[in-house]
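# Structure assessment
Each chain, written out:
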Amino acid sequence: MSEALIDSMRAAVDARPDDVHLRLHLAELLLAAGRQGDAVAEAAQALQRDPVSEAAQALMRRALTPGPPAPSVPAAAAAPAPGPANPPAQDASPAQEDPLAAYEEELAGIAPPRFADDGEPEPVRSEADRVFDVERVTARLADVGGMQDVKKRLEMAFLGPMRNTKLRKLFGKSLRGGMLLYGPPGCGKTFLARALAGELGASFISLAVSDVLEMWIGSSERNLHELFEAARRNAPCVLFLDEIDALGHKRSSMGSSAMRTVGNQLLAELDGVDSVNEGVFVLGATNAPWDVDAALRRPGRLDRTVFVAPPDAPAREAILRYHLRDRPIAAVRLDPLVRGTADLSGADLAHLCETAAEYALHDSLTSGDVRMIEQRDLEAAMAETKPSIGPWLATARNAALYANESGIYDELAAYLKKRKML
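An unreviewed UniProt entry lists the chain under the name SpoVK/Ycf46/Vps4 family AAA+-type ATPase, with Catenuloplanes indicus given as the organism. Within the UniProt record for the chain, the comment given under Sequence similarities (unreviewed entry) is "Belongs to the AAA ATPase family."

Looking only at helices and strands, the chain features 19 helices and six strands. Every one of the 422 residues in the chain was classed for burial, and the buried ones make up 38%. Restricting to contacts in the chain with at least 6 residues of sequence separation, those with at least 24 account for 73%. Taken as a whole, the chain presents about 23900 Å² of accessible surface, with 55% of it coming from carbon and sulfur.

Turning to the layout of surface pockets, a few remarks are in order. In this model, the second largest pocket occupies a volume close to 520 Å³. The wall of the second largest pocket is formed by 18 residues, among which Ala-309, Pro-310, Asp-312, Tyr-415 and Lys-418 lie closest to the centre. Listed by contribution, the elements that provide at least two residues to the lining of the second largest pocket are helix H8 (148-163), strand S6 (304-307), helix H14 (313-324) and helix H19 (410-418). With four residues, the top contributor of residues to the lining of the second largest pocket is H19. Residue classes in the lining of the second largest pocket are distributed as eleven nonpolar, one polar and six charged.

Structurally, Asn-404 can be placed in the loop between helix H18 (390-402) and H19. Engagement of the side chain of Asn-404 in a polar contact is seen with the backbone nitrogen of Ile-408, the distance being 3.1 Å. In this structure the side chain of Asn-404 is engaged in a polar contact, spanning 2.7 Å, whose partner is the backbone nitrogen of Tyr-409. Excluding its chain neighbours within four sequence positions, the residues that come into contact with Asn-404 are Ala-399, Tyr-409 and Asp-410.

Put simply, helix H1 (residues 3-15) and helix H2 (residues 20-32) touch, their axes get as near as 9 Å, and they point 155 degrees apart. Of the possible angle classes, the one that applies to H1 and H2 is roughly antiparallel. Viewed along their axes, H1 and H2 form a crossing whose handedness is left-handed. The segment H1 lies against H2, with Leu-5, Ile-6, Met-9, Arg-10, Ala-12 and Val-13 engaging Leu-22, Arg-23, His-25, Leu-26, Leu-29 and Leu-30. Partitioning the contact of H1 with H2 into residue classes produces nine nonpolar, one polar and two charged.

Once that is clear, we can look at helix H11 (residues 219-233). Given 3.6 residues per turn, any residue in an α-helix points the same way as the ones three and four places further on. End to end, H11 covers 21 Å across 15 residues, agreeing with the expected 21 Å (1.5 Å per residue, within 8%). Within the sequence span of H11, burial applies to Ser-219, Ser-220, Glu-221, Asn-223, Leu-224, Leu-227, Phe-228, Ala-230, Ala-231 and Arg-232.

This paragraph deals with empty space enclosed by the protein. Inspection of every chain in the model, using the stated rule, returns three cavities of 30 Å³ or more. For the largest cavity, the calculated volume is near 60 Å³. Lining of the largest cavity is provided by Arg-176, Gly-177, Gly-178, Leu-270, Asn-277, Val-280, Val-282, Gly-300 and Arg-301. The class makeup of the residues in the lining of the largest cavity is three nonpolar, four polar and two charged.

Definitions and cut-offs
- Counting of residues starts from 1 at the beginning of each chain's written sequence and follows it residue by residue.
- Totals for whole chains, interfaces and linings use every residue, but because this is a predicted model, local features are given only for residues with pLDDT of at least 70 and side-chain atom pairs only at 80 or more, for both listing and counting.
- Hydrogens and waters are ignored; side-chain quantities use all the structure's heavy atoms.
- UniProt positions are given in the numbering used here, feature names are shortened, and annotations may be inferred rather than shown by experiment.
- By definition, any uninterrupted DSSP run of H or I lasting at least four residues is a helix, any uninterrupted run of E lasting at least two residues is a strand, and each is numbered from the N terminus.
- Burial classes: relative accessible area under 20% of the type maximum marks a residue as buried, over 50% as exposed, and values in between as partly exposed (1.4 Å probe, protein chains only).
- Contacts: residue pairs with any heavy atoms within 4.5 Å of one another.
- Computed with a 1.4 Å probe, the accessible areas rest on the Shrake-Rupley method; for each residue, only the protein chains presented here act as cover.
- With a 1 Å grid laid over protein atoms only, a set of points is called a cavity when a 1.4 Å probe fits there but cannot get out and a pocket when it is open yet has protein on both sides within 12 Å along at least five of seven lines; lining residues have an atom within 4 Å of a point.
- Grid points are joined across faces, edges and corners, and a volume is the space filled by probe spheres set on the points.
- Throughout, the ten residues Ala, Val, Leu, Ile, Met, Phe, Trp, Tyr, Cys and Pro are labelled nonpolar, Asp, Glu, Lys and Arg are labelled charged, and all others, Gly among them, are labelled polar.
- Each polar contact in these results corresponds to two N or O atoms within 3.5 Å; when the atoms are within protein, one needs to be able to donate a hydrogen and the other to accept it, and residues that are neighboring in sequence are counted only if both atoms are side-chain atoms.
- Axes here refer to lines fitted to C-alpha atoms; in helices the fit is confined to the stretch in contact. Angles between the N-to-C directions go from 0 to 180 degrees.
- For classification, angles of less than 35 degrees are called roughly parallel, those exceeding 145 degrees roughly antiparallel, those between 65 and 115 degrees roughly perpendicular, and all remaining angles oblique.
- For a crossing to be left-handed, the near helix must be turned anticlockwise from the far one by less than a right angle; the clockwise case is right-handed.
- Given a helix with a known number of residues, its expected span is that number minus one, times 1.5 Å.

Here's what the structure looks like:
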């Protein structure tokens, strides 16, 4: 290999030290020229700048692999000279036993070791050591009270194709897709996503904004890519993106270029540009769909938008039963409670049950006579619990009136008309 070419390439690398591809090309030339140590050093520099580069890791492994064995020595030349017994052999140093050990020790912290340690795994010491939790969910859609329209949409988009392989192939339906769930806070969007994963028998990964965003440029995009890679490795998988408006905010109204690139990375991952998203079902949830970038809702991404309304009467009864199931209750009638809580969200209903338990507990402590939760406690709690969805409905009314040219808020408009708010 021409030394002049290597010198020219090294000058180019010196001029652009952060160009990983250029540095790897120099390492390839050095390796071809038999300069193994110099190639290792350049590969280490590349890994320092891009620790997840597969090309740099592969090159490092090649550079650290021993070359062909030296030619055998003739027997006559190898025979020891006649004389007294051979002196005892000295213990060989680790570097003499393994000439690559010196390189491995020198590059510790930059290049991964050649052999994994069979001992106990290292404990998690910081946020940098975290991994995404992949769950197996036991909840089912039968555990979700009411919401028949939402369940039907989930059946059409995900459950039916997953259960019927032959029909899916006949109709050319892929095992991928996305859906945007929107509605007031505390109305069960997260529980729906978990129940879908349980119904599919799929893995479940939930993403919070804090799992992605970091202060260093490029780190947020890498976290987002690693999250989707984890979902692809564990397919079939339901990937739940909570508060998606924080990551996929309208780019036209963003003042931060860093957040724009995070949004672009999210679009690229949903498209599966570098990977196949087969078996990855993406559910996004937001309380503010009007703040979500329109590009996220294009076909192939989160192309189905579903309104998760406040719980209807069957859902309210199911929620009340769920939150009272492990509490001591006596002669409780749910019908008047269901009728009197039409404006409450699921979270409001859970708070109602908690407040009723507080009333019964306080009375037991005050009187010294322990008693169960009674109808009077629940009615007192119902009178005290105020609806939390009012401000959201007021904002949503404006969206249904003035931002529904495409029909995206038709379900919301129908709900508001039913409540006589339109």
